[in-house]
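# A closer look at the structure
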Amino acid sequence: MDEDESLHRYGLRPDGSSLDEVRSLLSDHVRLEQEAQGNGDTELMKLCCVQLFNAGSLDDVLLIWQAKSASMDADCSIDIQLLCGSGLARTKAYLLGKRLPEADAALQRLLQCEAVGDFEDFSTEAQSAQYAAYYAP
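So, a few notes on the structure that sits alongside this text.

So, how was this worked out
- Residues numbered from 1 in each chain as written.
- Predicted model: local features only at pLDDT ≥ 70, side-chain atom pairs only at ≥ 80, totals over all residues.
- Heavy atoms only, no water.
- Helix = DSSP H or I, 4+ residues; strand = E, 2+ residues; numbered from the N terminus.
- Rg over C-alpha atoms; globule rule 2.2 N^0.38 Å.
- Buried < 20%, exposed > 50% of the residue type's maximum accessible area, 1.4 Å probe, protein only.
- Contact = heavy atoms within 4.5 Å.
- Areas by Shrake-Rupley, 256 points an atom, 1.4 Å probe, with all protein chains shown as cover.
- Phe/Tyr/Trp six-rings, centres within 6.5 Å; stacked < 30°, edge-to-face > 60°.
- Lys NZ or Arg CZ within 6 Å of the ring centre and 35° of its normal.
- Salt bridge = Lys/Arg side-chain N within 4 Å of Asp/Glu carboxyl O.
- 1 Å grid on protein atoms, 1.4 Å probe; cavity = no way out; pocket = protein on both sides within 12 Å on 5 of 7 lines; lining within 4 Å.
- Points joined across faces, edges and corners; volume = space filled by probe spheres on them.
- Nonpolar A, V, L, I, M, F, W, Y, C, P; charged D, E, K, R; others polar.

Let us now look at the overall build of the protein chain. For the protein chain, the count of helices and strands is 8 helices and 0 strands. Taking 14 Å as the expected radius of gyration for a compact globule of 137 residues, we find that the protein chain reaches 14 Å, a close match to that expectation. Here the protein chain, with 137 residues, has 45% of them falling under the buried criterion. A separation threshold of at least 6 residues defines the contact pool for the protein chain, and within that pool the share at least 24 residues apart is 68%. About 7,000 Å² of surface is accessible on the protein chain, with carbon and sulfur atoms providing 47% of the total.

See below:
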């Protein structure tokens with residue numbers, strides 16, 4: 001499946017079992033990208049992260065972080081804001097409570113990005129609207 005097919009099949013706001021399919025698709029491409037940069041489809045990975053961002057579940061934060069940190073290409077393709085579908089404050093609190101190395105790495109990156117202004121005027125609604133405009137036909 002490529003980015004266009006995923007967008008057609010799931011849209012930007014999948015729900016129910018479609019979200020599980022998006023998670024599975026993202027996990028598969030994360031694994032491929034971790035094996036060798038370029039094996040995963042980073043544009044499809046970004047779309048999956050946007051779809052999960054729009055769902056707003058804290059349970060997806062670490063999967064999105066895995067996608068972002070899968071390779072240098074993925075890191076550049078997947079915006080840090082995509083970790084924050086539940087909001088910046090809730091995401092930071094969630095990561096702080098996880099006490100896992102990957103959660104700490106994600107939290108530290110969020111804090112660094114916040115310190116340099118990457119979250120200035122951030123809102124999930126505005127971010128979602130930007131992605132809707134980006135993916136509009």
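Having seen the structure, we can now continue with the description.
We now examine the packing of aromatic side chains. Geometry of an aromatic ring pair is reported as the spacing of the ring centres plus the angle between the planes. This model, assessed by the stated rule, comprises 3 aromatic pairs. For the ring pair Phe119 and Phe122, a centre distance of 5.3 Å and an interplane angle of 70° mean the geometry is edge-to-face. With 4.8 Å between their ring centres and 90° between their planes, Tyr134 and Tyr135 make a pair best called edge-to-face. Residue Tyr135 is classed as buried on the basis of its relative accessible area, which comes to 9%. Directly above the aromatic system of Tyr134 lies the positively charged group of Lys46, at a separation of 4.6 Å from the ring centroid.

Once that is clear, we can look at the pattern of salt bridges. Inspection of every chain in the model, using the stated rule, returns 7 salt bridges. Across the salt bridge formed by Glu5 and Arg9, the nearest N and O atoms sit 3.1 Å from each other. Separated by 4 residues within a single helix, Glu5 and Arg9 lie in helix 1 (residues 3-10), roughly one turn from each other. In this structure Glu5 comes out as partly exposed when scored by relative accessible area, which is 37%. What emerges from the salt-bridge pattern is a single network uniting Asp20, Arg23 and Asp60.

Bringing empty space enclosed by the protein into the picture now. Under the defined criterion, the tally for this structure stands at 1 cavity of 30 Å³ or more. In this structure, the largest cavity occupies an estimated 30 Å³ of space. Around the largest cavity, the lining residues are Leu52, Phe53, Gly56, Ser57, Asp60, Val61, Ile64, Leu82, Leu83 and Gly85. Breaking the lining of the largest cavity down by element, the ones donating at least two residues are helix 3 (42-55) and helix 4 (61-68). Taken together, the residues of the lining of the largest cavity break down into 6 nonpolar, 3 polar and 1 charged.

These figures capture arrangement, not role.
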